[in-house]
Amino acid sequence: MRQTSILRRATRLRPVVRSAALALVPVLLIALLLPTSLALGSRTLPLSDVWRGLLAHDSSVPSVIVWSMRMPRTLLAVAVGSSLAGAGALMQGLTRNPLAEPGILGVNAGAALGVVLAISALGLTGVGQYAPFALLGAGCAAAAVYTISHRTIETGSARLVLAGVALSAALSSVTGTITMYNSRAFDSYRFWVVGSLEGRDASVLTRIAPLLLVGLILAVGSARGLNALALGEEQATALGANLMATRASAFLAITLLCGGATAAVGPLSFVGLLVPHAVRLLAGADQRTLIGCSIACGPVLLLAADVAGRVLVRPAELEAGVVTAFVGAPVLLLLAVRRER
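Let us look at the structure shown here. The shown structure was predicted, so the numbers you read here are calculated from the model rather than taken from an experiment.

Reading guide: rules and limits
- Residues numbered from 1 in each chain as written.
- Predicted model: local features only at pLDDT ≥ 70, side-chain atom pairs only at ≥ 80, totals over all residues.
- Heavy atoms only, no water.
- Helix = DSSP H or I, 4+ residues; strand = E, 2+ residues; numbered from the N terminus.
- Buried < 20%, exposed > 50% of the residue type's maximum accessible area, 1.4 Å probe, protein only.
- Contact = heavy atoms within 4.5 Å.
- Areas by Shrake-Rupley, 256 points an atom, 1.4 Å probe, with all protein chains shown as cover.
- Phe/Tyr/Trp six-rings, centres within 6.5 Å; stacked < 30°, edge-to-face > 60°.
- Axes fitted to C-alpha atoms, helices over the stretch in contact; angles between N-to-C directions.
- Parallel < 35°, antiparallel > 145°, perpendicular 65-115°, else oblique.
- Left-handed = near helix turned anticlockwise from the far one by under 90°.
- Nonpolar A, V, L, I, M, F, W, Y, C, P; charged D, E, K, R; others polar.
- Core = buried A, V, L, I, M, F, W, Y, C linked by side-chain atoms within 4.5 Å.
- 1 Å grid on protein atoms, 1.4 Å probe; cavity = no way out; pocket = protein on both sides within 12 Å on 5 of 7 lines; lining within 4 Å.
- Points joined across faces, edges and corners; volume = space filled by probe spheres on them.
- Salt bridge = Lys/Arg side-chain N within 4 Å of Asp/Glu carboxyl O.
- Expected span 1.5 Å × (residues − 1).
- Patch = residues over 30% accessible without salt bridge, like charges linked within 9 Å, V, L, I, M, F, W, Y side chains within 5 Å.

### Considerations on the overall build of the chain
Here's step 1: A tally of helices and strands in the chain yields 14 helices and 0 strands.
Here's step 2: Ordered by position from the N terminus, the helices and strands of the chain form the series α-α-α-α-α-α-α-α-α-α-α-α-α-α.
Here's step 3: Looking at the chain as a whole, 46% of its 341 residues are labelled buried.
Here's step 4: Of the contacts made within the chain by residues no fewer than 6 positions apart, 77% connect residues no fewer than 24 positions apart.
Here's step 5: Accessible surface, the chain: about 16600 Å² in total, of which carbon and sulfur atoms supply 67%.

So this is what it looks like as structure tokens:
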């Protein structure tokens, strides 16, 4: 009898222990990647100089490099990685499609159009200058998608996805037309659209941080409703789940997370696809664990991509968006083929 009770307790604790272990691994990896990100660059700093520069916070060369150039970039990678991975987990749970990724809702296309309009119409060229317009474009695109699909949102997520794909195609055609006939807009836009953490100062992070924080809170709060939605809409309704509130909360979280991240660093492909897939293989399909662990694991991928981009083509740099695309495209093809089989 006592052995049976012990076995029952062990069975109940197993998911908790597994979740704690999965949360501990990315924390350790981030702890290793943070000093590496602060040390590597066009001028490599020994870890002793990195530590000395962190503590001194003065006008010495190591301190200026660490605090003014690499610390904002590293913190931005952590924030953007968490946001895109969390948005990807939400998108897959919302559409019940493991191959879905945040850009499918038209957020990236809206942000891109906002950037191009800011450059061509207002003459803005700095990242800090046109980032608010990117966020505004992302928000308007997401609102348009939700407005188009809200009449039938209670019958499923297919209309939401179709509306996002259609709007993305329309906005992308407008963006392409503007950049084709405006060389100045094209020159500035092509550096943003590749997706890069280089040249972003602390002001970019402070502008998007409140939006990302609200989005992460909404993402965690949507997990229970998405668990019910995974059982099917009829079953979720029978369990008392509010499908409209769940979808609206998840949609708003995706907009804030993906819109804020895209406005800051440009569209980064595959982060929202790869991280939730890897977490799902290890942690299962419980949305509470999936979303939480995806938020924790997202910075690992983006920091690793950023560090790899600084090392692979030294003394030049390879943008983080290029690195994630090189890794993500083959994985996406493999997942698509495996799913088809």
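### Some thoughts on the packing of aromatic side chains
Here's step 1: Tallied over the full model, the rule gives 1 aromatic pair.
Here's step 2: Plain terms: the ring middles of tyrosine 189 and tryptophan 192 are 6.1 Å apart, the flat faces sit at 35° to each other, and that makes the pair tilted. A residue pair is termed a helical-turn pair when its members lie 3 or 4 positions apart in one helix, as tyrosine 189 and tryptophan 192 do in helix α7 (residues 183-193) at 3 residues.
Here's step 3: The class of tyrosine 189 is buried, set by a relative accessible area of 13%.

### Describing the packing of helix α4 (residues 107-122) against α7
Here's step 1: In contact at an axis separation of 9 Å, α4 and α7 are set at 140° when each is read in the N-to-C sense. Here α4 lies oblique to α7, going by the angle between them. The chirality of how α4 crosses α7 is right-handed. Only Arg184, Ala185, Ser188, Tyr189 and Trp192 of α7 make contact with α4, whose side of the interface consists of Ala111, Ala112, Val115, Val116, Ile119 and Ser120.
Here's step 2: Broken down by class, the residue content of the contact of α4 with α7 amounts to 8 nonpolar, 2 polar and 1 charged.

### Structural notes on the nonpolar core
Here's step 1: Formed by 76 residues in total, the largest nonpolar core has its most connected members in Leu76, Val80, Leu90, Trp192, Leu268 and Ile291.
Here's step 2: Formed by 7 residues, the second largest nonpolar core is a distinct cluster that contains Leu38, Leu45, Ile65 and Met71.

### Some thoughts on empty space enclosed by the protein
Here's step 1: Per the counting criterion, the structure on display carries 2 cavities of 30 Å³ or more.
Here's step 2: In this structure, the largest cavity occupies an estimated 70 Å³ of space.
Here's step 3: Around the largest cavity, the lining residues are Leu84, Glu101, Pro102, Gly103, Asn108, Cys258, Thr262, Gly266, Pro267, Leu268, Val271 and Gly272.
Here's step 4: Partitioning the lining of the largest cavity into residue classes produces 6 nonpolar, 5 polar and 1 charged.
Here's step 5: The calculated volume of the second largest cavity comes to roughly 30 Å³.
Here's step 6: In terms of lining residues, the second largest cavity is bounded by Gly41, Ser42, Arg310, Arg314, Pro315, Ala316 and Glu317.
Here's step 7: Here the residues of the lining of the second largest cavity sort into 2 nonpolar, 2 polar and 3 charged.

### What about the pattern of salt bridges?
Here's step 1: The final tally for this structure, using the stated rule, is 6 salt bridges.
Here's step 2: Put simply, aspartate 49 and arginine 52 hold a salt bridge, and the shortest N to O gap is 2.5 Å. Highlighted residues: aspartate 49 and arginine 52, both in helix α2 (residues 47-56), separated by 3 residues, approximately one helical turn.
Here's step 3: For arginine 52, a relative accessible area of 49% translates into the label partly exposed.
Here's step 4: Arginine 288 is the salt-bridge partner of aspartate 286, the closest N and O atoms lying 3.1 Å from each other.
Here's step 5: Using a relative accessible area of 28% as the deciding quantity, one classes aspartate 286 as partly exposed.
Here's step 6: On the accessibility criterion, arginine 288 (47% relative accessible area) is partly exposed.
Here's step 7: Within the structure, one salt-bridge network assembled from shared partners comprises Arg73, Asp306, Arg310 and Glu317.

### Description of α4
Here's step 1: The first and last C-alpha atoms of α4 sit 22 Å apart over 16 residues, in line with the 22 Å expected at 1.5 Å per residue.
Here's step 2: Summarising burial for α4: 12 of the 16 residues are buried, a large majority.
Here's step 3: Buried within α4 are the following residues: Val107, Asn108, Ala109, Gly110, Ala111, Ala112, Leu113, Gly114, Val115, Val116, Ala118 and Ile119.
Here's step 4: Glycine 123 sits one or two positions beyond α4 and adopts a positive phi of about 75°.

### Remarks on a nonpolar patch on the surface
Here's step 1: Taken together, the side chains of Leu24, Val27 and Leu28 define a hydrophobic patch exposed on the protein surface, amounting to about 290 Å² of accessible area.
Here's step 2: Residue placement: valine 27 occurs in helix α1 (residues 2-39).

### Describing unusual backbone geometry
Negative phi is the rule for most residues except glycine; trans is the rule for most peptide bonds.
Here's step 1: Phi is positive for histidine 57, which is not a glycine, with a value near 50°.
Here's step 2: By the secondary structure assignment, histidine 57 is in the loop between α2 and α3 (61-95).
Here's step 3: Although it is not a glycine, phenylalanine 270 sits at a positive phi angle of roughly 75°.
Here's step 4: Locating phenylalanine 270 in the fold gives a position in the loop between α11 (243-265) and α12 (271-283).

### Let's talk about α11
Here's step 1: Along its 23 residues, α11 runs 33 Å from first to last C-alpha, staying within 8% of the 33 Å computed at 1.5 Å per residue.
Here's step 2: Within α11, 18 of the 23 residues are buried, which leaves the element mostly enclosed by the surrounding structure.
Here's step 3: Remark: glycine 266 follows α11 within two positions and exhibits a positive phi of approximately 90°.

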